[in-house]
Structures are given as C-alpha cells and as structure tokens.
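# Coordinate analysis (summary)
Residue-level listing of the chains:
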Amino acid sequence: MALLKGLAGAIIRSESIETTEPKAKAAKILIEKLVTHAKKAKVNDLRQIEMVISDHELIQKLVHVIAPRYKSTPGGYLRLV
C-alpha cells in the first residue's frame, strides 16, 4: 500500500510517471477513486483523500487543479501508455 501511495503522490505531483505495467494498473485504480472523491470535494471525501495522500499541497492540487478538468467526465481519467 505504501508503494501505491507513493505512486499516487508522484502522479499528482508531476501528472505523468514512468513505471512498470503492473504497478501502473494498480495505481490507476487508486488514482481514479481519488479523482472521483476530489470532484465531489465534500468533507468526508477530503478525509478519504487524506487517508491516502498526506501532503496537503498535493491534496490542494488534486482538488483545485486536476479534478475541475474532469468535471464532466464520468470516469477514465488516466491513460496507460
């Protein structure tokens, strides 16, 4: 779980990372859930995000920069290349 949390933080920080395919597939599931919570941005959703990401700057970026991009998108926020 610590590896996935680290990958999630790196994806939010740089918005793209280079890793192995199994790690990317596992991190994709986690990040998609985080973006969905960030789109709602209610108190409980923010607490769910804080359970995964401890850096408040990354949480702010996720909620105020990344989530508004996907406001009208129902899912599928990430692409594996």
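Before any of the text, the structure's been laid out above.
Residues numbered from 1 in each chain as written. Predicted model: local features only at pLDDT ≥ 70, side-chain atom pairs only at ≥ 80, totals over all residues. Heavy atoms only, no water.

## A few points about the pattern of salt bridges
Going through the model one piece at a time under the given rule, you end up with three salt bridges. For the salt bridge of R69 with E15, the shortest nitrogen-to-oxygen distance reads 3.0 Å. With R69 in helix α4 (residues 56-69) and E15 in the loop between α1 (2-14) and α2 (21-40), the pair connects residues that are 54 residues apart, well separated along the chain. By relative accessible area, E15 is classed as partly exposed at 37%. Across the pair E21 and K25 runs a salt bridge, and its minimum N-O distance is 3.2 Å. Here E21 pairs with K25, and both are found in helix α2, just four residues apart, close to one helical turn. Judged by its relative accessible area of 53%, E21 is exposed. Given the relative accessible area of 45%, K25 is considered partly exposed. Each of E15, K61 and R69 takes part in salt bridges that share partners, so that together they form one network. (Salt bridge = Lys/Arg side-chain N within 4 Å of Asp/Glu carboxyl O. Helix = DSSP H or I, 4+ residues; strand = E, 2+ residues; numbered from the N terminus. Buried < 20%, exposed > 50% of the residue type's maximum accessible area, 1.4 Å probe, protein only.)

## Points about the environment of K71
Assignment of secondary structure puts K71 in the segment after α4. The exposure class of K71 is exposed, given its relative accessible area of 71%. With 35 residues separating them along the chain, K71 and T36 place their C-alpha atoms 9.3 Å apart.

## Thoughts on unusual backbone geometry
For residues besides glycine, phi is generally negative; the peptide bonds are generally trans as well. Residue E15 is not a glycine yet carries a positive backbone phi of 65°. With a phi close to 55°, A41 is a non-glycine residue in the positive phi region. Structurally, the position occupied by A41 is in the loop between α2 and α3 (43-52).

## With respect to the packing of α1 against α2
The packing of two helices is summarised by the inter-axis angle and the distance between the axes. Relative to each other, α1 and α2 sit at 65°, their axes nearing to 9 Å. Classified by the angle between their axes, α1 and α2 sit roughly perpendicular to one another. The handedness of the crossing between α1 and α2 is right-handed. For the pair α1 and α2, contact is made by L3, L4, K5, L7, A8 and I11 and by K23, A26, A27, L30, I31 and L34, respectively. Across the contact of α1 with α2, the residue classes tally to 10 nonpolar, no polar and two charged. (Axes fitted to C-alpha atoms, helices over the stretch in contact; angles between N-to-C directions. Parallel < 35°, antiparallel > 145°, perpendicular 65-115°, else oblique. Left-handed = near helix turned anticlockwise from the far one by under 90°. Contact = heavy atoms within 4.5 Å. Nonpolar A, V, L, I, M, F, W, Y, C, P; charged D, E, K, R; others polar.)

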